[in-house]
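Structural characterization, general
Read off the chains here:
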Amino acid sequence: MISDTKTLFTLAFNHLSLRIVKTIRMTISYKWLSEYLPIAIDPERLNRILTSIGLEVESLEKYEEIKGGMKGLVIGEVLETSKHPDADKLTLTKVDIGNGDPLQIVCGAPNVATGQKVVVATIGSTIYPTKGDPITMKKAKIRGVESQGMICAEDEIGLGDSHAGIMVLDENAVVGMDAADYFKPFIDWIYEIGLTPNRMDAMSHMGVARDVCAWLTHHDRKEAKVKTPFSTTYKADIPSLGFEVVIENTEACQRYAAATITGVTIKPSPKWMQEKLKSIGVRPINNIVDITNFILHETGQPLHAFDAAEIKNKKVIVKNLPEGTPFVTLDEKERKLSAEDLMICNGEGEPMCIGGVFGGLHSGVSNTTKTIFLESAWFNPVTIRKTSFRHGLRTDAATRFEKGVDISNAVNVVKRAVLLIKEIAGGEIAGDIMDVYPHPKPKTEVAIKNHYLKKLSGKNYHADTVKKILTGLGFEIIKEGMDELRVSVPYSKPDISLPADIVEEVMRIDGYDNVEIPTSITISPSTESMKHAVAYKEKVANFLVGAGFCEIFTNSITNSAYYSEEVLSTTVKMLNNLSAELNVMRPSMLQTGLESIVHNLNRKNNDLKFFEFGKTYATSAPGKYSEKDHLCLYITGMKSEDSWKKENHKTDFYFLKGVAGSILNVMGIHLSELSVIVNNELDNCLQAKMNGDVLFEIGIVKNKILQQFDIKQPVFYADFNWQTLLTASAKSKLSYTEIPKLPAVQRDLSMIVDKTVKYEQVEKAAMEAKINRLKAVNLFDIFESDKLGTGKKSLAVSFTFRDDEKTLTDKEIDGMMGKIMQAFEKEFNAEIRK
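Keep in mind it's a predicted model, so treat the numbers as computed, not measured.

1. With respect to the overall build of the protein chain
Summing up its helical and strand segments, the protein chain has 21 helices and 39 strands in all. Rg of the C-alpha trace for the protein chain: 38 Å, well past the compact-globule value of 28 Å for 834 residues, more than 25% over. By its C-alpha atoms, the protein chain is 120 × 90 × 65 Å across when sized along the principal axes. Expressed as a percentage of the 834 residues in the protein chain, the buried residues total 47%. Put simply, of all contacts in the protein chain between residues at least 6 apart along the chain, 70% involve residues at least 24 apart. Accessible area for the protein chain stands at about 43,000 Å²; split by element, carbon and sulfur atoms hold 50% of it. For the protein chain, the separation between the mean place of its 102 positive charges and that of its 109 negative charges on side chains is 4 Å.

Next up, the structure:
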């Protein structure tokens, strides 16, 4: 069991990290990226460069098309074959592998024969079958005959699925050659990059190459430019086929470029393309689909290929359709469209594709397709994101469109794709590019002053350095003044609009490590307006940590599925949520805390005491929002660790109530009202008030809520209204009294009362007896039995008396006890047990 506070906090905090850190994982192939770089850079140096420019490399791993890289496998020649003396289906062979005496290998393949060139797994080598676990070769006796290796079938070394017999190689295969040199399996290095959501420009191999070249230009003092794959030789082979593009919603689709190519042959992609796609985790499908995926990861521009024969009237219309229109998508599911969904329709207004998100079942490329209509468009990021989440379609295309793609690149990309299709799938280019761009988008312009750059970066950059970095990233210098530089932002960087964005670009290419440490630090004195609140927060947090609690921090954005429709009616909903599961601002602290509870329980950390300071959010009307500060406690499992010194006990309601009372004592607050209330989240909910204001509510989390999280043990929860506590503590006055010099006297009293009588009433009646020397009342036992009478229970209560001026006599104490007993007999009809 995990017991130390640091580990426990880490488990809770790691859950927070997984919830709120939403970087985009981008997979980059080293070999693919290197094709766009002007010089060769070894993988480790490239790793450091990428992290330096803000493209944090989360992992760098070797990729092998054939796992193990065929180490230990060699080309051999079968010199002799003979029947195994004890097995009809086994063959004894002598195999020459070019390094000495031939190997004796027992083979079970039916097609083994003398003179064959084969693949041999030698002793000590490990093979990785297409299916199953790796196998390491050892000397073995098979039916009494020693075997010194293995002659391999293609599925046994990961080259295919066939197990019909051993692989028989070409006669020209050289004996003794490493199998890796013969088959040349694809090997690469794969970078997993954690991109922040604003870095759309780096969501492609060319985008990353652009940043790397800017770094090389700045640091190596030699201009480095990206090797562009775009060709200037695009030319139509035959006249246009007469297709037309119409954009009805020009706000949601600001540019639509397209091309047609006819006479294509649908078949598998060439080996080089399949290798690249598989290295970054993309499954090859066919040449047309693979080209669109290749272009997506090369340039960052999503494409969509239509079967031109399915486009009625040879017309493509970009428009919105009525609410509830049915549409069958590629996954064969019928979806009801929203009137806000942007659709790509044919000439009869029938939907073919959810623009920028997902294709339709009947308009896509099939094995019989002969003519391709290829789309390269710019769709509004807000529209795409809403549609993507509305239908639960988180595609690669939607991920890029919602970040904002390069609107200026639509035509170049479609030309690049068409030329690849012609090269790989054959066919003829029909007509020129169709490019509908109703309102050309101007470039964003940003001005930055030199003193602002120095102030924000902490470094005095030379003007030439700044210009060199920015032009390397694709910025254009519009105007240069004595203290100001005005630039136009490339379309590939839609997130840049402020001078601070320019500072960031300069600093990340120069390197954050290159910012000098200042010789002095200047600060502006400030006054703490929330000193009272901060002090009490620290005081309560220290108390709770001392009591064995761990502080957690959970996400204020949570899942609407946790809450009822009634609660959601006043819940703040996210307009631009990060994921389908994080779509509302939390109306309660309970559910986000339970996420941390279940995270720990799933890791066998069953005894938990958490606390959290946080906010909840609500709305009463459109545009009217409110938030409340809370302190919440979450307790489950045992109170403390097992020990030989003492027996351990489970946490319970009264333990939590004691902690809650101690928090009030720490803040100098005295309760005036406690009551049991009905609560939608808690059973046995106890509410504490002071002057009509709710201080806290505590109880046991309802089973129906625990079932949502698959929690099978009780969880106790306390929710403090932190602002009310601060207000109450500010009004309380601290007073000091001398430590008593005289001893206190304690007397016990047992009485039988109705079961309906609460201890709170008993304590109140004792205090209202107006006995000044009564200092404390404490319940120490409750006994219930039918022997006491129907509907009766026994309460055992202790009373503490003290006189600050003298020692109390037995007569005085008896008199005060008599007064208390009379009050109980009158108030509760109590039977005093003597």
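2. Some thoughts on the nonpolar core
Core analysis: the biggest nonpolar cluster contains 79 residues, and Leu-50, Tyr-191, Val-212 and Leu-374 have the highest contact counts within it. Ranked by residue count, the leading element in this core is helix 10 (residues 410–425), at 10 residues. Apart from the residues lying within four places of it in its own chain, the contact partners of Tyr-191 are Met-26, Thr-27, Ile-28, Tyr-30, Pro-43, Leu-46, Asn-47, Leu-50, Val-57, Ser-59 and Leu-60. Counting 38 residues, the second largest nonpolar core, distinct from the first, contains Val-316, Ile-317, Val-357 and Ala-397.

3. With respect to the sheet that holds strand 1 (residues 24–29)
A sheet is described by the order of its strands in space; here three strands give the open sequence 1-12-2, paired in antiparallel fashion. Both outer strands of the open sheet, strand 1 and strand 2 (56–64), are each paired with one neighbouring strand and no more. Neighbouring strand axes in the sheet, compared pairwise and without regard to direction, differ in orientation by 20° on average. Note: strand 1 against strand 12 (residues 187–195), six bridges, orientation antiparallel. Each bridged residue has a counterpart across the sheet, and for Thr-27 the counterpart in strand 12 is Glu-192.

4. A word on the packing of aromatic side chains
In this structure the tally under the stated criterion is 16 aromatic pairs. Ring geometry for Phe-613 and Trp-722: centres 5.1 Å apart, planes at 75°, overall edge-to-face. You can see Phe-613 sitting in strand 30 (residues 608–621) and its partner Trp-722 sitting in helix 19 (residues 722–731), a full 109 residues away along the chain. Residues Phe-613 and Trp-722 agree in their burial class; the two are buried. Pairing Phe-653 with Tyr-654 gives two aromatic rings, centres 5.6 Å apart and planes at 90°, and the pair type is edge-to-face. Assessed through its relative accessible area of 14%, Phe-653 is described here as buried. On the basis of relative accessible area, Tyr-654 is assigned to the exposed category, the value being 64%.

5. Section: the sheet that holds strand 24 (residues 445–449)
Across the sheet, three strands lie side by side as 24-26-25; this open sheet has antiparallel pairing. In this open sheet, the two strands that pair with only one neighbour each are strand 24 and strand 25 (476–480). Within the sheet, the average angular offset between the axes of one strand and its neighbour, ignoring direction, is 25°. Examined bridge by bridge, strand 25 and strand 26 (residues 484–488) share four bridges and lie antiparallel to one another. Bridge pairing links Ile-477 to Val-487 in strand 26.

6. Focus: the confidence of the model for the protein chain
Averaged over all residues, the pLDDT of the protein chain equals 90, while 96% of them reach at least 70. Scored below 50 in pLDDT, residues 1–21 makes 38 contacts in the model with residues more than four places away or belonging to other chains.

7. Some thoughts on helix 3 (residues 43–52)
Every α-helix carries 3.6 residues per turn, so stepping three or four residues along brings you back to the same face. Listed in full, the buried residues belonging to helix 3 are Pro-43, Leu-46, Asn-47, Ile-49 and Leu-50. The arc enclosing the buried residues of helix 3, seen along the axis, measures out at 170°, which places them on a common side. Against the buried residues of helix 3 lie helix 2 (30–34), strand 2, strand 12 and helix 5 (205–219). At the N-terminal boundary of helix 3, the capping side chain belongs to Asp-42, with an oxygen 3.1 Å from the backbone nitrogen of Glu-44. The positive-phi residue at the C-terminal boundary of helix 3 is Gly-54, with phi of around 90°.

8. Details of the pairing of strand 26
It is a general feature of regular strands that their side chains alternate between the two faces of the sheet. Across five bridges, strand 24 lies against strand 26 in antiparallel orientation. The partner of Glu-445 across the bridge, within strand 26, is Ser-488.

9. Quick notes on the packing of helix 7 (residues 287–299) against helix 10
Packing of helix 7 against helix 10 leaves a shortest axis separation of 10 Å and a crossing angle of 145°. The handedness of the crossing between helix 7 and helix 10 is right-handed. Judged by residue contacts, Asn-287, Ile-288, Ile-291, Phe-294, Ile-295, Glu-298 and Thr-299 of helix 7 engage Val-413, Arg-416, Ala-417, Leu-420, Ile-421, Ile-424 and Ala-425 from helix 10. Of the residues in the contact of helix 7 with helix 10, the class split is 10 nonpolar, two polar and two charged.

10. Notes on the pairing of strand 13 (residues 244–247)
Residues Val-245 and Ile-247 line the buried face of strand 13, whereas the alternating positions Glu-244 and Val-246 sit on a face that is not buried. Taken together, the four bridges between strand 13 and strand 16 (residues 315–320) define a ladder with parallel strand orientation. Residue Glu-244 lies in a different strand from strand 16, and its bridge partner there is Lys-315.

11. Thoughts on helix 12 (residues 463–472)
Buried within helix 12 are the following residues: Val-466, Lys-467, Ile-469 and Leu-470. Along the axis of helix 12, the buried residues cluster in a sector spanning 165°; they form a single face. Among the residues trailing helix 12, Gly-474 stands out with phi positive, at a value near 100°.

12. Examining the pattern of salt bridges
Any two side chains of opposite charge can pair, on the condition that their charged atoms come close. Tallying each qualifying case throughout the model produces 44 salt bridges. The shortest N-O distance in the salt bridge between Asp-201 and Lys-493 comes to 2.8 Å. Here Lys-493 lies in the loop between strand 26 and helix 13 (499–510) and Asp-201 lies in the loop between strand 12 and helix 5, a separation of 292 residues in the sequence. Take Asp-201 and Lys-493: they sit in the same class, and that class is buried. The salt bridge involving Arg-747 is made with Asp-814; its shortest N-O contact spans 2.8 Å. Of this pair, Arg-747 sits in strand 36 (residues 745–754) while Asp-814 sits in helix 21 (residues 810–828), and the two are 67 residues apart along the sequence. For Arg-747, a relative accessible area of 22% corresponds to the partly exposed category. Overall, Asp-814 belongs to the partly exposed group, its relative accessible area being 44%. Residues joined in a network through salt bridges with shared partners are Arg-199, Asp-201, Asp-211, Lys-493, Glu-505 and Arg-508.

13. Some details on unusual backbone geometry
Notably, Lys-184 is not glycine yet its phi reads approximately 50°, a positive angle. Secondary-structure assignment places Lys-184 in the loop between helix 4 (179–183) and strand 12.

14. Let's talk about the environment of Gln-254
For Gln-254, the position within the fold is in strand 14 (residues 253–262). Sequence separation between Gln-254 and His-439 is 185 residues, and the spatial gap between their C-alpha atoms is 7.1 Å. When sequence neighbours within four positions are dropped, the list of residues in contact with Gln-254 reads Trp-378, Ile-407, Val-436, Tyr-437, Pro-438 and Lys-441.

15. Some thoughts on the side chain of Glu-375
Structurally, Glu-375 is set in strand 22 (residues 371–379). Looking at Glu-375, its side chain comes within polar contact range of the side chain of Tyr-256, at 2.7 Å. If sequence neighbours within four positions are ignored, Glu-375 has contacts with Tyr-256, Ala-257, Pro-302, Leu-303, His-304, Phe-306 and Ile-344.

16. Structural notes on the environment of Lys-454
Following the sequence through the fold, Lys-454 ends up in helix 11 (residues 450–457). Separated by 49 residues in sequence, Lys-454 and Val-503 place their C-alpha atoms 8.9 Å apart. If near-sequence neighbours (up to four positions away) are discounted, Lys-454 is found in contact with Lys-459 and Asn-460.

17. Quick notes on the side chain of Glu-192
For Glu-192, the position within the fold is in strand 12. Residues within four places of Glu-192 in sequence aside, it is in contact with Arg-25, Met-26, Thr-27, Glu-56, Val-57, Glu-58 and Ser-59.

Calculation notes
- Residues numbered from 1 in each chain as written.
- Predicted model: local features only at pLDDT ≥ 70, side-chain atom pairs only at ≥ 80, totals over all residues.
- Heavy atoms only, no water.
- Helix = DSSP H or I, 4+ residues; strand = E, 2+ residues; numbered from the N terminus.
- Rg over C-alpha atoms; globule rule 2.2 N^0.38 Å.
- Buried < 20%, exposed > 50% of the residue type's maximum accessible area, 1.4 Å probe, protein only.
- Contact = heavy atoms within 4.5 Å.
- Areas by Shrake-Rupley, 256 points an atom, 1.4 Å probe, with all protein chains shown as cover.
- Lys, Arg positive; Asp, Glu negative; His and termini not counted.
- Charge placed at Lys NZ, Arg CZ, Asp CG, Glu CD.
- Core = buried A, V, L, I, M, F, W, Y, C linked by side-chain atoms within 4.5 Å.
- Pairing = 2+ DSSP bridges.
- Axes fitted to C-alpha atoms, helices over the stretch in contact; angles between N-to-C directions.
- Phe/Tyr/Trp six-rings, centres within 6.5 Å; stacked < 30°, edge-to-face > 60°.
- pLDDT = per-residue confidence, 0-100.
- Arc of directions from axis to C-beta.
- Polar contact = N/O pair within 3.5 Å; in protein donor to acceptor, adjacent residues only side chain to side chain.
- Left-handed = near helix turned anticlockwise from the far one by under 90°.
- Nonpolar A, V, L, I, M, F, W, Y, C, P; charged D, E, K, R; others polar.
- Salt bridge = Lys/Arg side-chain N within 4 Å of Asp/Glu carboxyl O.

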